[in-house]
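# Structural characterization, general
The primary structure of each chain is shown beneath.
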Amino acid sequence: RVAALAASAFAIVPSQVLMSLPPLTEPLYTLAVVAVVRLAISVPVRGLMTAALLGLAVAAAQYVRASAASLLGPLVLLPVLVGVGLRRAALTAAVTVAAFVVAMLPVLSYNLGAHGDLSVSTSAYAGWSVFVGANQASDGRWNPDDAALIATFPGEDVWDKSEFAG
């Protein structure tokens, strides 16, 4: 059972082994993802309150790592896949997504005001991250050449330059 949980965690969060990130974000993100998985397993049995907690757990993970929102798609499909009726699954999905959106309102508000984007991204440099991460010559790591190139991109600030990059 423990090995299955470890293999599942690695399948969901391979960065635990493959990358090194800022201190404490990995354990915190992993804790949030484990909570998401645990709640997702319980949703078909426990109901709408658990679905709301699931949305809040995904939001907590999103605050730590800007890619956590991608978990919502599979999570809203899970009840259908385990045989929950379509109507109940739709209600569960709506509650999960609504809880996520409510928890992300500060981020949505900030991004709309600061950048004009209605986005749940907690990263202010999304394009920059994609640009640097896709550079095979540097194995997707930050490097001074990419930073110098990004500085030449059009835009008044780092956000605008990042938008051009990605």
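What this report covers is the structure whose coordinates are included nearby. (Residues numbered from 1 in each chain as written. Predicted model: local features only at pLDDT ≥ 70, side-chain atom pairs only at ≥ 80, totals over all residues. Heavy atoms only, no water.)

Val36, Leu54, Val58, Leu75 and Phe100 are the most contacted members of the largest nonpolar core, which totals 20 residues. Listing elements by their share of this core, those giving two or more residues are helix H3 (25-46), helix H4 (48-64), helix H5 (72-81) and helix H6 (86-115). With seven residues, H3 is the largest single contributor of residues to this core. Aside from chain neighbours lying at most four places away, what touches Val36 is Leu54, Ala57, Val58, Leu71 and Leu75. (Core = buried A, V, L, I, M, F, W, Y, C linked by side-chain atoms within 4.5 Å. Buried < 20%, exposed > 50% of the residue type's maximum accessible area, 1.4 Å probe, protein only. Helix = DSSP H or I, 4+ residues; strand = E, 2+ residues; numbered from the N terminus. Contact = heavy atoms within 4.5 Å.)

With respect to the helices and strands, the residue Val107 is situated in helix H6. Assessed through its relative accessible area of 10%, Val107 is described here as buried. Distance in space between the C-alpha atoms of Val107 and Ser119 is 7.5 Å, their sequence separation being twelve residues. Residues within four places of Val107 in sequence aside, it is in contact with Tyr63, Ser119, Val120, Ser121 and Thr122.

Inspection of the entire model under this criterion finds zero aromatic pairs. Taking the ring centre of Tyr29 as reference, the NZ or CZ of Arg65 above it sits at 4.5 Å. (Phe/Tyr/Trp six-rings, centres within 6.5 Å; stacked < 30°, edge-to-face > 60°. Lys NZ or Arg CZ within 6 Å of the ring centre and 35° of its normal.)

Here we take up the packing of H3 against H4. One can describe the packing of H3 onto H4 by two numbers: an axis separation of 8 Å at closest approach and a directional angle of 160°. Taken together, H3 and H4 sit at an angle that is classed as roughly antiparallel. Crossing hand, H3 versus H4: left-handed. Counting all contacts with H3, which are made through Thr25, Leu28, Tyr29, Ala32, Val36, Leu39, Ala40, Ser42, Val43 and Arg46, the residues of H4 involved are Leu48, Thr50, Ala51, Leu53, Leu54, Ala57, Val58, Ala61 and Val64. Tallied by class, the residues present in the contact of H3 with H4 amount to 15 nonpolar, three polar and one charged. (Axes fitted to C-alpha atoms, helices over the stretch in contact; angles between N-to-C directions. Parallel < 35°, antiparallel > 145°, perpendicular 65-115°, else oblique. Left-handed = near helix turned anticlockwise from the far one by under 90°. Nonpolar A, V, L, I, M, F, W, Y, C, P; charged D, E, K, R; others polar.)

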